[in-house]
Amino acid sequence: MDVKILDFIDFKRVNSLLEGFNQTTGFVTAILDLKGNILSKSGWRRICTDFHRLHPETSKKCKISDTFLANKMSDGQKYRFYECLNGLVDVAVPIVIRGEHVAKLFTGQFFFEKPDSSFFKQQAQKYGFDEGSYLNAFKEVPIVSKDNVKIAMRFLSDMTDMISEMTFQKLEQIELNNQRKKIEADQDKLKLQLLQAQKMESVGRLAGGVAHDFNNMLSIILGNTEILMEEIDPNGLYYENLTEIFKAAQRSAKLTKQLLAFARKQIGRASCRERV
């Protein structure tokens, strides 16, 4: 489509709702585009913000988890649980607007059961994290029951539906406004055309009146010149002058006919536009 849908999501309102959800429930949230870029986040765990997202290798794992793993969703599945490559549990909900999958809403950074601390000790050593600080951040990660997560996911699923509906309505309003502006521009164009036609009709009527009067005078000139030419000697002194007068009057009569034709044409066009 011609517009980038993500630009029309009201992130200010969405962020406020997700921040309130985080403060009420303790569940962290994020909205990421399909390339894994973070568009919104609230309440993230220190193990992610201070370690996993900062180190280039673990950050790469985050991106793979947020894109490849999160996209492995069965048809009809509203959300998907998965373990990220850094060892935490995340849940992804697709955001679909106008039938187009544009982003994902995430929650997570928790465990379903008591984790294996040796895995995180190995990660600290492997990536050069300060072991004491890293393990303290690891201990802050909550263990959450799957039932509680499912309750939270019902709310977040409704949230994605609300985001989709809000954005859809905004896009519809923008398209309606664009159509209205186009109609108004077309109407202004038609008004200008009508005004121009009315001006040309006035010119045509004036030209027609002048041409009609001038044609009457030319008829008198042509008639009288022709009579004089028949009565005098062709070899006489004034015959050549009368011939020139006659020819000039004929040329003027031809121009007058063209002027009359122009006048009729302009009046006819104006009448057609008025009927339209």
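Look a little higher up for the structure.
Note that the coordinates shown come from a computational prediction; the quantities given were computed from them, not determined experimentally.

Chemist: Mind showing me how you'd approach the packing of aromatic side chains here?
Modeler: For any pair of aromatic rings, the description rests on two quantities: the centre-to-centre distance and the angle between the ring planes. Counted according to the given criterion, the structure contains 15 aromatic pairs. Ring centres of Phe110 and Phe112 lie 5.6 Å apart, and the angle between their planes is 55 degrees; on these two criteria the pair is classed as tilted. Under the relative-accessibility criterion, Phe110 is labelled buried at 0%. Accessibility expressed as a relative area gives 27% for Phe112, which makes it partly exposed.

Chemist: Before we go on, may I ask you to explain the sheet that holds strand S4 (residues 89–97) in this structure?
Modeler: Each strand in a sheet pairs with its neighbour through backbone hydrogen bonds, running either in the same direction (parallel) or in the opposite one (antiparallel). Spatially, S2-S1-S5-S4-S3 is the arrangement adopted by the five strands of the open sheet, whose pairing is antiparallel. Looking at which strands have only one partner, the edges of the open sheet turn out to be strand S2 (38–42) and strand S3 (80–83). Taking each pair of neighbouring strands and ignoring which way they run, the sheet shows an average axis angle of 25 degrees. Bridging between S3 and S4 involves four bridges; their strand directions are antiparallel. Bridge pairing in S4 places Tyr82 opposite Asp90. The strands that helix H1 (residues 11–25) touches are strand S1 (28–33), S2 and strand S5 (100–110); relative to S2, the one it contacts most, it runs at about 35 degrees. Those strands touched by helix H6 (residues 146–231) are S1, S3, S4 and S5, and its axis lies near 25 degrees from that of S4.

Chemist: Quick question: what am I supposed to make of the pairing of S1 here?
Modeler: The buried fraction of S1 amounts to six of the six residues, a majority that puts the element mostly inside the structure. Of the two faces of S1, the one holding Val28, Ala30 and Leu32 and the one holding Thr29, Ile31 and Asp33 are both buried throughout. Strand direction decides the pairing type here: S1 and S5, joined by six bridges, are antiparallel. Directly across from Asp33, in S5, lies its bridge partner Ala103. By the bridge criterion, four bridges tie S1 to S2 in an arrangement that is antiparallel. When the bridges of S2 are listed, Leu32 appears paired with Ile38.

What counts and how
- Residues numbered from 1 in each chain as written.
- Predicted model: local features only at pLDDT ≥ 70, side-chain atom pairs only at ≥ 80, totals over all residues.
- Heavy atoms only, no water.
- Phe/Tyr/Trp six-rings, centres within 6.5 Å; stacked < 30°, edge-to-face > 60°.
- Buried < 20%, exposed > 50% of the residue type's maximum accessible area, 1.4 Å probe, protein only.
- Pairing = 2+ DSSP bridges.
- Helix = DSSP H or I, 4+ residues; strand = E, 2+ residues; numbered from the N terminus.
- Axes fitted to C-alpha atoms, helices over the stretch in contact; angles between N-to-C directions.
- Contact = heavy atoms within 4.5 Å.

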